[in-house]
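Residues per chain, in single letters:
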Amino acid sequence: MDIDTHHDSIDQYSSPRPLIQAHSSQKQPNIYQPLPPHLGRVIRLIAVSLPLPGPPPSSILTAHLEVHPLDSAPSYNAISYVWGSSDYHLNGSFPGASAAIRCNDALFPVTPNLHWALLRAAITSSKLYLWADAICINQSDLSERGSQVSFMGDIYARAERVLVCMGDPPATSPPISILALSRLINTLAPLVNANPGAQVPSEVLDTIPLRAWQALSEILKCSWFQRVWVLQEVGMASEQPVVLYGFPSSFHVGKNGLNHEFGYGDLMAVVESVKRRKELVIWYGFGSLRIHGEWAGSWGHDSPTGTEKKMTFYDLIDHASLLSCQDPRDRIYAFLGHPLAPRHADGSPKIKPDYTKPVNELYLQVSKICLEEIVGLRALVTVEHTPQSLQDGFPSWMTRWHIAGIWNNISRLPEQIFSAGGPDEPGYKPIIDGNALYLEGVLVDKLWRCFTVYSPLPDSSVTGPSFSDPWSDDGASVDLGQLLMFLTASGNHGIPPCAYGSDVNTGLMAFAMTICAAGSGEPVDGAVYLEGLLRLVAIDSFLRTNARSALNAASDEAVGGVAFWRELSSACAGRSFAMTERGRYCLVPQIARPGDQICVVRRLDVPVLMRAEATRRALLGEIYVYGLMHGEALGMVQRGELAGEVFVVT
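Residues numbered from 1 in each chain as written. Predicted model: local features only at pLDDT ≥ 70, side-chain atom pairs only at ≥ 80, totals over all residues. Heavy atoms only, no water.

So, on to the overall build of the protein. Counting its secondary structure elements, the protein contains 19 helices and 22 strands. A total of 650 residues make up the protein; the buried ones form 54% of that total. Roughly 27100 Å² of accessible area belongs to the protein as shown, and the carbon and sulfur atoms make up 51% of that amount. (Helix = DSSP H or I, 4+ residues; strand = E, 2+ residues; numbered from the N terminus. Buried < 20%, exposed > 50% of the residue type's maximum accessible area, 1.4 Å probe, protein only. Areas by Shrake-Rupley, 256 points an atom, 1.4 Å probe, with all protein chains shown as cover.)

When we look at a pair of aromatic rings, we describe it by the centre distance and by the angle of the planes. Taken as a whole and judged by the stated rule, the model has 13 aromatic pairs. Summarising the aromatic geometry, the rings of Phe-418 and Tyr-624 are spaced 5.8 Å apart at their centres and angled 75 degrees between planes, so their arrangement reads as edge-to-face. Separated by 206 residues along the polypeptide, Phe-418 in the loop between helix H14 (359-374) and strand E12 (431-433) and Tyr-624 in strand E21 (residues 624-625) bring together distant segments of the chain. On the basis of relative accessibility, which here comes to 5%, the residue Phe-418 falls in the buried class. Residue Tyr-624 is classed as buried on the basis of its relative accessible area, which comes to 1%. Ring geometry for Trp-448 versus Phe-486: centroids 6.4 Å apart, planes at 10 degrees, classification stacked. Of this pair, Trp-448 sits in strand E13 (residues 436-454) while Phe-486 sits in helix H15 (residues 480-488), and the two are 38 residues apart along the sequence. (Phe/Tyr/Trp six-rings, centres within 6.5 Å; stacked < 30°, edge-to-face > 60°.)

Time to look at the pattern of salt bridges. All chains considered together, the criterion is met by 19 salt bridges. Residue Asp-133 is joined to Arg-227 by a salt bridge in which the shortest nitrogen-to-oxygen separation is 3.3 Å. Here the residue Asp-133 occupies a position in helix H2 (residues 133-136), and Arg-227 occupies one in the loop between helix H7 (210-219) and helix H8 (230-235), the gap between them amounting to 94 residues. Like Arg-227, Asp-133 is buried. The network of salt bridges with common partners includes Arg-41, Asp-71, Asp-154 and Arg-158. (Salt bridge = Lys/Arg side-chain N within 4 Å of Asp/Glu carboxyl O.)

Here we come to the pairing of strand E5 (residues 106-110). When a strand is regular, its side chains alternate between the sheet's two faces. Judged by how many residues are buried, E5 sits mostly within the fold: 4 of 5 residues are covered. Where strand E4 (residues 99-103) hands over to E5, the hairpin turn is made up of 2 residues, of which Asn-104 adopts a positive phi near 50 degrees. (Pairing = 2+ DSSP bridges.)

Here we come to the confidence of the model for the protein. Looking at the protein, the pLDDT average stands at 84 and 83% of residues meet or exceed 70. A low-confidence stretch, residues 1-26 stays under pLDDT 50, and its non-local contacts, those more than four residues away or across chains, total 65 contacts. Overall, residues 250-258 carries pLDDT values under 50, and its contacts beyond four positions in sequence, including any with other chains, amount to 24 contacts. (pLDDT = per-residue confidence, 0-100. Contact = heavy atoms within 4.5 Å.)

On to helix H17 (residues 526-543), then. The end-to-end C-alpha separation of H17 is 26 Å, in line with the 26 Å expected for 18 residues at 1.5 Å each. Residues of H17 that are buried: Gly-526, Tyr-529, Leu-530, Gly-532, Leu-533, Leu-536, Ile-539, Asp-540 and Leu-543. A side-chain oxygen of the first residue of H17 lies 3.0 Å from the backbone nitrogen of Ala-527; this N-cap is Asp-525. (Expected span 1.5 Å × (residues − 1). Polar contact = N/O pair within 3.5 Å; in protein donor to acceptor, adjacent residues only side chain to side chain.)

One can find Asp-445 in strand E13. By relative accessible area, which is 4% here, Asp-445 ends up buried. At a separation of 2.6 Å, a polar atom in the side chain of Asp-445 contacts the side chain of Thr-580. Each residue touching Asp-445, except ones within four places of it in the same chain, is listed here: Thr-580, Glu-581, Arg-582, Arg-584, Asp-596, Gln-597 and Ile-598.

Strand order in this open sheet of 9 strands is E5-E4-E2-E1-E6-E3-E7-E8-E11, and the pairing throughout is mixed. Lying at the two open borders of the sheet, with one neighbouring strand each, are E5 and strand E11 (262-263). Of the strand pairs in this sheet, strand E3 (residues 77-80) and strand E7 (residues 161-167) are connected by 4 bridges, and their pairing is parallel. Across the sheet, Ala-78 pairs through a bridge with Val-162, a residue of E7.

Interhelical geometry of helix H5 (residues 176-194) versus H7 gives an angle of 90 degrees and a closest axis separation of 8 Å. When the axes of H5 and H7 are compared, the pair comes out roughly perpendicular. Two secondary-structure elements touch here, H5 through Ile-176, Ser-177, Ala-180, Leu-181, Leu-184, Ile-185 and Leu-188 and H7 through Arg-211, Ala-212, Trp-213, Ala-215, Leu-216 and Ile-219. In terms of residue class, the contact of H5 with H7 is made up of 11 nonpolar, 1 polar and 1 charged. (Axes fitted to C-alpha atoms, helices over the stretch in contact; angles between N-to-C directions. Parallel < 35°, antiparallel > 145°, perpendicular 65-115°, else oblique. Nonpolar A, V, L, I, M, F, W, Y, C, P; charged D, E, K, R; others polar.)

A few words now on the packing of H5 against helix H9 (residues 264-274). To characterise two packed helices, one gives the angle between the axes of the helices and the distance between these axes. Look at H5 against H9: their axes get within 9 Å of each other, and the N-to-C directions meet at 75 degrees. Put simply, H5 runs roughly perpendicular to H9. Contacts from Leu-184, Ile-185, Leu-188, Ala-189, Val-192 and Asn-193 of H5 reach H9 at Asp-266, Leu-267, Ala-269, Val-270 and Ser-273. Residues belonging to the contact of H5 with H9 are distributed by class as follows: 8 nonpolar, 2 polar and 1 charged.

Of note in the backbone geometry, Ala-517 takes a positive phi value of approximately 50 degrees without being a glycine. Take Ala-517: it is sitting in the loop between helix H16 (504-515) and H17. Its relative accessible area of 4% is what places Ala-517 among the buried residues. Even without being a glycine, Arg-603 presents a positive backbone phi close to 80 degrees. Summarising the element assignment, Arg-603 is placed in the loop between strand E18 (597-601) and strand E19 (608-612). For Arg-603, a relative accessible area of 14% corresponds to the buried category.

Dropping the structure here:
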């Protein structure tokens, strides 16, 4: 069915809803036959029939599955969508299913998100062959699932179009906001694409109505952006994917079709450009979506464009660690279609999708590949732990990609601004013997006191950051001003003397740069961080005695303080502020406790935190220590102030 032939009846589909309420433990019906192995790479396609107007069962979307070799399959569109929460369990049940389609003459439970996507895709396109993973792959057959995942990138690459199904805007959003959003994208995208990196002129931005900016902020909050698989789905597309947002009605349809559609690449280009205007980010709360901006266009290349330092497969899976997926193995498997995925000399993959493989065994395999073949010791900076993971029987130096409490690494690419352990040695291969990793380094200091940082982003908070000490007798929380009073009392009341001298402003600047994990020296100006800290203290004091609405958000003081607040919140997510026994300031993992050891490892750009126990030495993660980020510890070894050693980490 061509889109131009059914505009008159499009309103009948303008309010999609679950048509059949499925039982909460409904089992997947047996609609599958085993895929013929002799045909090689074969896929199932969904042949869709639009539902008839009226109540169920006549209004149920009807489909049947056809099996085709991938290389000779008929033209089809591939759907990129969000499965939803708890949509599918490995035992074949659908706890989240609340809708159904009729597939191969059986009632097949689907989630509302998939039902929306199927119906929206069907009325959008004349190509009524569709591919959607939850239906086209027998999810209860783990062998088939692994086989299909191994070439899923090619499935999206061979699709005529990839349809990005974002779902509906918030119920409070007026219908005209979707049209305003499409006009914003289609107005700004040509300007942005013609001049990458340049800011859109203010006179152009001033013509964009408020409802369009609000709609842009709303779409960036869609859960689609948080799904791990979507990067491959849009990245492998042969043509720019099309965003389907909101259900069309006759209000949105013009003579040229559904005129509120726009390209995913255009959307991301506009977002990257808008994010350079700090005032727009602050006013409308645009999310970061850094991985979409940096990696979505890299699937045909070795590394994201515009970076000074070449990134790797390790960086890709690291940057995606905050995204969501149903199966923790997919934090690796979702990226095996990328050109950077590790391969043998003959081109065969070193990592093969296997859903029977225990998660930690997969993570250990990938961690060893990253350490020995891809990035060397830098693979240690993504280590994160919970109390349980330290006791799971696997090496503490193994990255557990399903633990993702920290937003940003202190070790940064492409900037690579730190050099705590001295210069890297290209080709250096760390020694791994069983579960033991041998590291050359130096023990510098130990933690004295730790403060858990609670700092939601400024647009979602009514007060500034707060700090609590879980290891103190009362665990009481203090605000930013109270913490600074505590720090300025160093050298008294049993508090270690400040390692940065007795000058108050010097100590406050050290704290300001620590709490933001900032660099030191040029181009980073410590005075700017000190000013931002003092402005945030003033904002926090104001908010604790006045309503949020009374704050003049446009003032220079507020803008500077909020910018510092954002940087602090980003650096402190999943971390604690700590003081050491020798008066140093640092950012450490939240699992840290007094007595944990600050160590500098040769060839690693950031310090790490270790815990010495009776039977092992465990790696807890990377840390920031003001005054130790640029080789200072190695200088102390050279001067005989500290002694080097070999750490055996298990």
